[in-house]
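The chain contents come next:
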Amino acid sequence: MSEWWTYRPSDFLMFAPRTYYRLFELHNAEIWPLQILTIAAGLAALGLVWRGAYGRVVAAVLAAAWIFVAWAYHFERYATISTAAPYYGAAFAVQALLLAWFACRRHGPRFDQQAAPVRWTGLALLAAGVAFYPMLAPFLGRPWTQVEIFGIAPDPTAVATVGALLLAKDRIAWLLVLPLLWCAITALTLWTMEAPDAAVPASALVLGVAAAIWRNRSWNPTAEG
Amino acid sequence: MARAVVDRRAVLAGVAAGLALGLPSNARAQTGAPITRKIPSSGEAIPVVGLGSWITFNVGNDPAARDACAEVMRAFFAAGGRMIDCSPMYGSSQDVIGHGLRKLGSPASLFSADKVWISGGARGPAQIETSRRRWDVPRFDLLQVHNLLSWEEHLPALLRMKADGRVRYVGVTTSEGRRHRDIERIMASQPIDFVQVTYNILDRDVEARILPLARERGIGVIVNRPFREGVLIRQAGRHRLPAWAAEIGCSSWAQFLLKFVIAHPDVTCAIPATGNVAHVQENIGVARSGILPDAAMRRRMAEYVEAL
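What this report covers is the structure whose coordinates are included nearby. Everything quoted here is computed from the prediction, not taken from an experiment.

1. Regarding the pattern of salt bridges
Residue and element names in this part refer to chain B.
- Taken as a whole and judged by the stated rule, the model has 32 salt bridges over all chains.
- Here D67 makes a salt bridge to K103, at a shortest N to O gap of 3.2 Å. Here K103 lies in helix α3 (residues 93-103) and D67 lies in helix α2 (residues 63-78), a separation of 36 residues in the sequence.
- Accessibility expressed as a relative area gives 30% for D67, which makes it partly exposed.
- With its nearest N and O atoms 2.6 Å apart, the salt bridge here joins D85 to K115. Taken together, the positions of D85 in strand β3 (residues 83-85) and K115 in strand β4 (residues 111-116) put the pair 30 residues apart, joining distant regions of the chain. Considered together, D85 and K115 belong to a single accessibility category, that of buried residues.

2. Things to note about the interface of chain A and chain B
- Each partner contributes to the interface: chain A provides 16 residues, whereas chain B provides 19 residues.
- Both faces considered, chain A and chain B share a buried interface measuring about 1500 Å² in area, 44% of it formed by carbon and sulfur atoms.
- Three residues, E3(A), M14(A) and T80(A), lead the burial of chain A against chain B; their summed loss comes to 30% of the area buried on that side.
- Between chain A and chain B we count three salt bridges in total.
- One salt bridge in this structure joins D62(B) and R22(A), with 2.4 Å as the shortest N-O distance.
- The tally of links between chain A and chain B comes to five residue pairs in polar contact (both at pLDDT 80 or more).
- For the side of chain A that touches chain B, the class distribution of residues is seven nonpolar, four polar and five charged.

3. Comments concerning the pairing of strand β7 (residues 194-198) of chain B
All names here are of chain B.
- Burial within β7 is extensive, with five of its five residues counted as buried.
- On β7, burial covers both faces: F194, Q196 and T198 on one face and V195 and V197 on the other are all buried.
- Regarding the hand of the β-α-β motif, the stretch spanning strand β6 (residues 167-173), helix α6 (residues 180-189) and β7 is right-handed.
- For the crossover from β7 across helix α7 (residues 210-217) to strand β8 (residues 220-224), the handedness is right-handed.

4. With respect to unusual backbone geometry
- Backbone torsion omega between W32(A) and P33(A) reads 10°, so that peptide bond is classified as cis.
- Here P33(A) shows up in the loop between α1 (17-31) and α2 (34-51).
- One non-glycine residue, I55(B), lies in the positive phi region at around 70°.
- Relative to the elements of secondary structure, I55(B) occurs in the loop between β2 (45-47) and α2.
- I55(B) gets classed as buried once you look at its relative accessible area, which sits at 15%.

5. Here's the deal with the side chain of R119(A)
- With respect to the helices and strands, R119(A) occurs in helix α5 (residues 116-139).
- Every residue in contact with R119(A), bar those within four places of it in the chain, is listed here: V49(A), W50(A), Q113(A), Q114(A) and L167(A).

6. Here's the deal with the nonpolar core
- Counting residues in each nonpolar core, the largest one holds 147 residues, and the members touching the most others are Y78(A), F111(A) and F256(B).
- Per element, the largest residue contribution to this core is ten residues, and it comes from helix α3 (residues 55-75) of chain A.
- Dropping the residues within four chain positions of it, F111(A) is found in contact with V49(A), G52(A), G55(A), V58(A), A59(A), F102(A), A164(A), L165(A), L167(A) and A168(A).

7. Overview of helix α4 (residues 124-135) of chain B
Residue and element names in this part refer to chain B.
- For α4, which comprises twelve residues, the first-to-last C-alpha distance of 17 Å matches the rise-based estimate of 16 Å (1.5 Å per residue) to within 8%.
- For α4, every residue scored as buried is listed here: G124, Q127, I128, S131 and W135. The buried residues of α4 occupy one face: seen down the axis, they fall within an arc of 100°. Across from the buried face of α4, at angles greater than 90 degrees, the exposed residues are P125 and R133.
- Looking at the buried residues of α4, the elements they touch are β3, α3, β4, β5 (140-145) and α5 (151-163).
- Positive phi shows up at D136, right after α4, with a value of about 65°.

Conventions we followed
Residues numbered from 1 in each chain as written. Chains lettered and ligands numbered in written order. Predicted model: local features only at pLDDT ≥ 70, side-chain atom pairs only at ≥ 80, totals over all residues. Heavy atoms only, no water. Salt bridge = Lys/Arg side-chain N within 4 Å of Asp/Glu carboxyl O. Helix = DSSP H or I, 4+ residues; strand = E, 2+ residues; numbered from the N terminus. Buried < 20%, exposed > 50% of the residue type's maximum accessible area, 1.4 Å probe, protein only. Contact = heavy atoms within 4.5 Å. Buried area = accessible area lost by both parts, 1.4 Å probe. Polar contact = N/O pair within 3.5 Å; in protein donor to acceptor, adjacent residues only side chain to side chain. Nonpolar A, V, L, I, M, F, W, Y, C, P; charged D, E, K, R; others polar. Right-handed = clockwise from strand over helix to strand, strands pointing away. Core = buried A, V, L, I, M, F, W, Y, C linked by side-chain atoms within 4.5 Å. Expected span 1.5 Å × (residues − 1). Arc of directions from axis to C-beta.

Put into structure tokens, the structure is as follows:
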């Protein structure tokens, strides 16, 4: 790309905001009533993380969410308006594989991080991804049909995953890389569209990075299960 | 954006009301055939306002949005428009244009302008053929090398296509002032028919060298981003249109900004992109107005907007 320094984020935005949000409307209509299942799975994951139990189930739910978003949203839907979507889909598929590996490890993952700031940040982000995101569209004046739901749309899936992984007992900061990267990409996309939604993934990014750094500094290897 | 939409709709409503009441107005002058400019290399006349498709026509598989774009095209052709410009870089826009053309029965007046945008000359022909199938046209009227990507390889291939009768015109494009030295070099050395550049009331770099060179070399000029993707309309829309805008038949900022561009004698066609029927009618309406600002008035227009 010549004269790359002259390009701005808006130069890469190739669709209108109404087209972007309409994608969710079409996507939701096509896969209905799968949303009920993914919300239930997300809430179940939230409950399990709260109790610090069944870590394998939590990781498996996250892995399933990422692979479904990779295929049904990025490859099948977003790719119709974004040339970058197949790359996003590939990244989501890689994250799904990593989470599946995490779920299948011999000792199994544990989501019972006890350090208070990290624990509450993780729970808040997980709850935001699962329970808050479906209310975002109507809160911002868009119709219910355009809601973004955990396991269906990428943003709530990534935010919830950042939250859950912050609570993991294991030292798996690298598992956070792709979810945080997606938070950055989608925040930039929404900011370029002048959409107020940008604040949510941007906040998740800042909180996620800060909590991960805090956790890493206070990590005690002898406490790992 | 909302402000601009309201303003433009209000203007159009006013025009309709004026026509219904038989009242004289500036808008009444916006009737009849659009102003045309001759393509220097052939003498063929084309309307000075065309239709861009960046962002606005990239609506994916959304059936309602595709039909809405087809209605924009219907209004464009009904008002006398001809040139529609697209690129393989514009996501689903080529497919959406093809959908519209099929729905409208492939209007004979279409002037199809597309681009080749791929690294390496070897892959150019396949991309052009894919684009042609998406448009569902027998051949393109104009093919351009998009943003000069691999132009050294693509341009000779496009010129061969022109010699073989597989495309009527050949050109190169850039946007937002990038690579103007390369553009000038190509204009001076290659037998191109068109150059596409960014030109608007605030981005006027091309006035210094590229537009005079186009006149000297007999190259048509297509203007992209005449509204800076709507930003100029939104920014100017916060201020009142000067009273003297009526002297040049302008009753909205969109008319004011577009008229500034098409009034330049070396501009062949401006291609504002829109997905809105009212906006495309207003854009073409500007080309149907017989009043264009002269050089002194254009300076006044630019100075006024710069001072806002």
